[in-house]
Amino acid sequence: MIYDIGVVGLGVMGTNIAKNMSRNGFKVVTFDFYDDVRENRTAELKAENVDVASSMETFIDSLKKPRNILLLVKAGEVTDMTIEQIVPHLVEGDTLIDGGNEQYENTRRRNLALTEKGINFIGMGVSGGEEGALNGPSLMPGGQREAYDNVSDILEKIAAKADDGKPCVTYIGSDGSGHYVKMIHNGIEYADMELIAETYYFMKHGLGMSNKEMSAVFDEWNKGDLNSYLIEITARILEFKDEEGNYVLDLILDKAGQKGTGKWTGIEGLKLGIPLSLVTDSVFVRCLSSLVEERKLVSEAYDSQIKTISSGDKASILEDLKNALYISKLMSYSQGFRLLREAGSIYDWNLKLGEISMIWRKGCIIRAQFLEEINRAYENTPDLSNLLLDDYFRNVVKNSHPSLRKIGILAIENEIPMPAFLSALSYFDSMKQERVSSNMIQAQRDYFGAHTYERIDQPGVFHTDWQ
Ligand SMILES: NC(=O)C1=CN([C@@H]2O[C@H](COP(=O)(O)OP(=O)(O)OC[C@H]3O[C@@H](n4cnc5c(N)ncnc54)[C@H](OP(=O)(O)O)[C@@H]3O)[C@@H](O)[C@H]2O)C=CC1
Ligand SMILES: O=C(CO)[C@H](O)[C@H](O)COP(=O)(O)O
């Protein structure tokens, strides 16, 4: 048989994407370098009309030309090793697609090296986890346009479909752009998750709400502007009990893991000089959460507990909390999309920000109703520099920032840690100042290091003899 596409790597993602392709009518052959993995997966894949090749040679020989091969292996060295093993079997015009969570610099490097051999290389962000891979992920492919066109039919069929029927995949741009966009997706995912976690903590400790009550509130919020996958699963997590009737959430150690994509996003914000405080704060909260023993010691040393909020009406505080969560999320997206805009220009990718928001509407972890509004903002003003300048979002923020302030004050007064919320407020309060405090920074730099400064009243570069 001649197959339409090959998949290498029979982990969770590779197995499920291969099944998804087959269910969509494509002939799929798979391969894994480990004999036992191939053996273990054969029956399961056979039941889905997916074949498992017994050797790399038979795998390559059975593919339609030019060949399209999707890699779903561990990012980094394993991907390099996998490419090294496959490339000698390929010829000019063949395409490798890397669906792992890879650093975009690695993708640029591989794209360049393989282009010299006449082999196309697409770095494709895949989001949606195990379930998305099987039933429809959001796909972010970047690389040679003509190589994308060769596989666009397969990618459009396997991708999630938004409510208007459009597939959640689009050509992102050249070399590492697809993996870059996936990285930003994950950074935004970190901030969305952190904001929701802080909301839960505020409800639990500040308002003394039960898991059942909190679950009902998140369910209610999911019917409005906050409608999203992460809000939906939060409601389910809050009410979930084990066989003994215990809430599983309450038994989970408060130590967050991370595989690195949030950190990469933060580093990229620092590298390009674009504020990305909600993502970086969210990464640092995960780091802080890991200092379990140290937190215990500091907690004992200060013996200062969170207070239950004693003033105000609970219903109106919850309304403020909902508004505060919404505009904090907006601040985070305004930072994330601002970074994408900068990267598109610096790396010459011509990123279409509206289209990117559209392919995140379904299939991925940050899928949300809110992304339709982001697309509308960029359709109205394609070169919009910051989402805060869109008319619709400006009205939302104008109406809701007093809520964010009230929640911030309650958090500070009652010792409830809400770093991402406070970061959102600080970002907004700083961005809306025509003049910020940095004239003082410039004066200090000039004082101690003769670093010079610019003036507001005349052009040029100046130095003052401050002594
Ligand atoms: N899981 C998720 O939700 C998502 C994952 N991704 C990305 O997709 C890629 C695959 O993920 P996933 O399927 O979850 O990962 P798995 O760990 O389930 O599978 C990874 C694949 O890499 C192979 N592999 C791992 N280590 C080695 C090694 N040292 N040498 C050779 N092969 C190795 C595995 O082979 P073996 O089975 O023999 O160990 C397997 O085929 C990753 O890059 C991941 O970041 C992207 C989006 C979501
Ligand atoms: O890519 C993903 C979804 O889009 C993964 O779920 C992500 O890798 C999870 O990251 P982390 O383990 O760092 O929380």
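Conventions and cut-offs
Residues numbered from 1 in each chain as written. Chains lettered and ligands numbered in written order. Predicted model: local features only at pLDDT ≥ 70, side-chain atom pairs only at ≥ 80, totals over all residues. Heavy atoms only, no water. Near = heavy atom within 4 Å. Polar contact = N/O pair within 3.5 Å; in protein donor to acceptor, adjacent residues only side chain to side chain. Helix = DSSP H or I, 4+ residues; strand = E, 2+ residues; numbered from the N terminus. Nonpolar A, V, L, I, M, F, W, Y, C, P; charged D, E, K, R; others polar. 1 Å grid on protein atoms, 1.4 Å probe; cavity = no way out; pocket = protein on both sides within 12 Å on 5 of 7 lines; lining within 4 Å. Points joined across faces, edges and corners; volume = space filled by probe spheres on them. Areas by Shrake-Rupley, 256 points an atom, 1.4 Å probe, with all protein chains shown as cover. Expected span 1.5 Å × (residues − 1). Buried < 20%, exposed > 50% of the residue type's maximum accessible area, 1.4 Å probe, protein only. Contact = heavy atoms within 4.5 Å. Domains from an automatic or database assignment. Salt bridge = Lys/Arg side-chain N within 4 Å of Asp/Glu carboxyl O. Phe/Tyr/Trp six-rings, centres within 6.5 Å; stacked < 30°, edge-to-face > 60°. Pairing = 2+ DSSP bridges. Axes fitted to C-alpha atoms, helices over the stretch in contact; angles between N-to-C directions. UniProt positions renumbered as here; feature names shortened; annotations may be inferred. Patch = residues over 30% accessible without salt bridge, like charges linked within 9 Å, V, L, I, M, F, W, Y side chains within 5 Å. Parallel < 35°, antiparallel > 145°, perpendicular 65-115°, else oblique. Left-handed = near helix turned anticlockwise from the far one by under 90°.

1. Some remarks on the site of ligand 2
Reasoning step 1: Close to ligand 2 lie Asn101, Ser127, Lys182, His185, Asn186, Glu189, Tyr190, Gln258, Lys259, Arg286 and Ile365.
Reasoning step 2: Note that an oxygen atom of ligand 2 is positioned 2.7 Å from one of the side-chain N or O atoms of Lys182.
Reasoning step 3: In this structure, an oxygen atom belonging to ligand 2 sits 3.1 Å away from a side-chain N or O atom of Glu189.
Reasoning step 4: Ranked by the residues each element gives to the shell around ligand 2, the list is headed by helix α8 (residues 177-206), at five residues.
Reasoning step 5: Of the residues contributing to the shell around ligand 2, the split by class is two nonpolar, five polar and four charged.

2. What to know about empty space enclosed by the protein
Reasoning step 1: By the definition in use, this model includes two cavities of 30 Å³ or more.
Reasoning step 2: By volume, the largest cavity is sized at about 70 Å³.
Reasoning step 3: With three residues, α8 is the single largest residue contributor to the lining of the largest cavity.
Reasoning step 4: When the residues that make up the lining of the largest cavity are grouped by side-chain class, the tally is six nonpolar, one polar and two charged.
Reasoning step 5: Its boundaries defined by the atoms lining it, the second largest cavity holds a volume of some 30 Å³.
Reasoning step 6: Around the second largest cavity, the lining residues are Asn101, Glu102, His179, Lys182, Met183, Thr261 and Trp264.

3. Overview of the site of ligand 1
Reasoning step 1: Around ligand 1 sit 18 residues, and of these Met13, Asp32, Tyr34, Val73 and Val126 come closest.
Reasoning step 2: Met13 places a polar main-chain atom, nitrogen or oxygen, 2.8 Å from an oxygen atom of ligand 1.
Reasoning step 3: Between an oxygen atom of ligand 1 and a main-chain N or O atom of Asn101, the distance comes to 3.2 Å.
Reasoning step 4: If ligand 1 stood free it would expose 880 Å²; the protein chains cover 68% of that surface.
Reasoning step 5: Looking at the shell around ligand 1 residue by residue, the classes come out as 10 nonpolar, five polar and three charged.

4. Quick word on helix α12 (residues 261-272)
Reasoning step 1: Given a rise of 1.5 Å per residue, 12 residues ought to cover 16 Å, and the 16 Å separating the end C-alpha atoms of α12 matches this to within 8%.
Reasoning step 2: Within α12, the full set of buried residues consists of Thr261, Gly262, Trp264, Thr265, Gly266, Glu268, Gly269 and Leu272.
Reasoning step 3: Summarising the contacts, the buried residues of α12 are in contact with α5 (104-116), α8, α13 (277-290) and α15 (314-346).
Reasoning step 4: Following α12 by one or two positions, Gly273 adopts a phi angle in the positive range, close to 70°.

5. Comments concerning the domain arrangement of the chain
Reasoning step 1: For the chain, the domain assignment lists domain 1 (5-175) and domain 2 (183-431).
Reasoning step 2: Just the C-alpha atoms count here: the centres of domain 1 and domain 2 sit 32 Å apart.
Reasoning step 3: Across the contact, 27 residues belong to domain 1 and 21 residues belong to domain 2.
Reasoning step 4: At the junction of domain 1 and domain 2, the tally comes to three salt bridges.
Reasoning step 5: If you look at where domain 1 meets domain 2, you find 12 residue pairs in polar contact (both at pLDDT 80 or more).
Reasoning step 6: At the level of secondary structure, the elements contributing two or more residues to the side of domain 1 that touches domain 2 comprise α5 and β7 (138-142).
Reasoning step 7: In the side of domain 1 that touches domain 2, the residues fall into 10 nonpolar, nine polar and eight charged.

6. Some words on the packing of aromatic side chains
In this description, a pair of aromatic rings is defined by centroid distance and the angle of the planes.
Reasoning step 1: As enumerated under the stated definition, the model contains 19 aromatic pairs in all.
Reasoning step 2: For the ring pair Tyr104 and Tyr347, a centre distance of 5.5 Å and an interplane angle of 50° mean the geometry is tilted. Here the residue Tyr104 occupies a position in helix α5, and Tyr347 occupies one in the loop between α15 and α16 (353-359), the gap between them amounting to 243 residues. Grouping residues by exposure puts Tyr104 and Tyr347 together as buried.
Reasoning step 3: Pairwise contacts between aromatic rings join Tyr326, Tyr333, Phe370, Tyr392 and Phe393 into one cluster.

7. Topic: the sheet that holds strand β4 (residues 68-71)
Note on sheets: strands pair through backbone hydrogen bonds, and any given pair is parallel or antiparallel.
Reasoning step 1: Taken in spatial order, the seven strands line up as β3-β2-β1-β4-β5-β6-β7 in an open sheet, and their pairing is mixed. Strands at the two margins of the open sheet, each flanked by one partner only, are β3 (50-52) and β7. Neighbour to neighbour, the strand axes of the sheet diverge by 25° on average, direction disregarded.
Reasoning step 2: Summarising the sheet, strand β5 (residues 95-98) and strand β6 (residues 120-127) pair through four bridges and their orientation is parallel. Note on β6: the bridge partner recorded for Thr95 is Asn120.
Reasoning step 3: Along the sheet face, helix α4 (residues 77-86) touches β1 (5-8), β4, β5 and β6 and points at about 155° away from the line of β4.

8. A word on the UniProt feature "domain: 6-phosphogluconate dehydrogenase C-terminal" (unreviewed entry) in the chain
Reasoning step 1: In the UniProt entry, the feature "domain: 6-phosphogluconate dehydrogenase C-terminal" (unreviewed entry) is given for residues 178-467.
Reasoning step 2: Helix makes up 66% of residues 178-467 and strand makes up 0%, while its end C-alpha atoms are separated by 53 Å.

9. Re a nonpolar patch on the surface
Reasoning step 1: On the surface, a cluster of nonpolar side chains totalling about 370 Å² of accessible area is made up of Tyr447, Phe448 and Trp466.
Reasoning step 2: When you line up the elements, Trp466 lands in the segment after α20 (438-449).

10. A look at the environment of Glu92
Reasoning step 1: Position of Glu92 relative to the elements: it lies in the loop between α4 and β5.
Reasoning step 2: Looking at Glu92, the relative accessible area reads 66%, which means it is exposed.
Reasoning step 3: For the pair formed by Glu92 and Asp35, sequence separation is 57 residues and the distance between their alpha carbons is 29 Å.
Reasoning step 4: Ignoring anything within four residues of it in the chain, the contact list for Glu92 reads Lys117 and Gly118.

11. Quick word on the packing of α8 against helix α9 (residues 211-221)
Reasoning step 1: The contact between α8 and α9 brings their axes to 11 Å, and the two run at 135°. In terms of axis orientation, α8 runs oblique to α9. The handedness of the crossing between α8 and α9 is right-handed. From α8, Ile196, Thr199, Tyr200, Met203 and Lys204 reach across to α9, where they touch Met214, Val217, Phe218 and Trp221.
Reasoning step 2: In terms of residue class, the contact of α8 with α9 is built from seven nonpolar, one polar and one charged.

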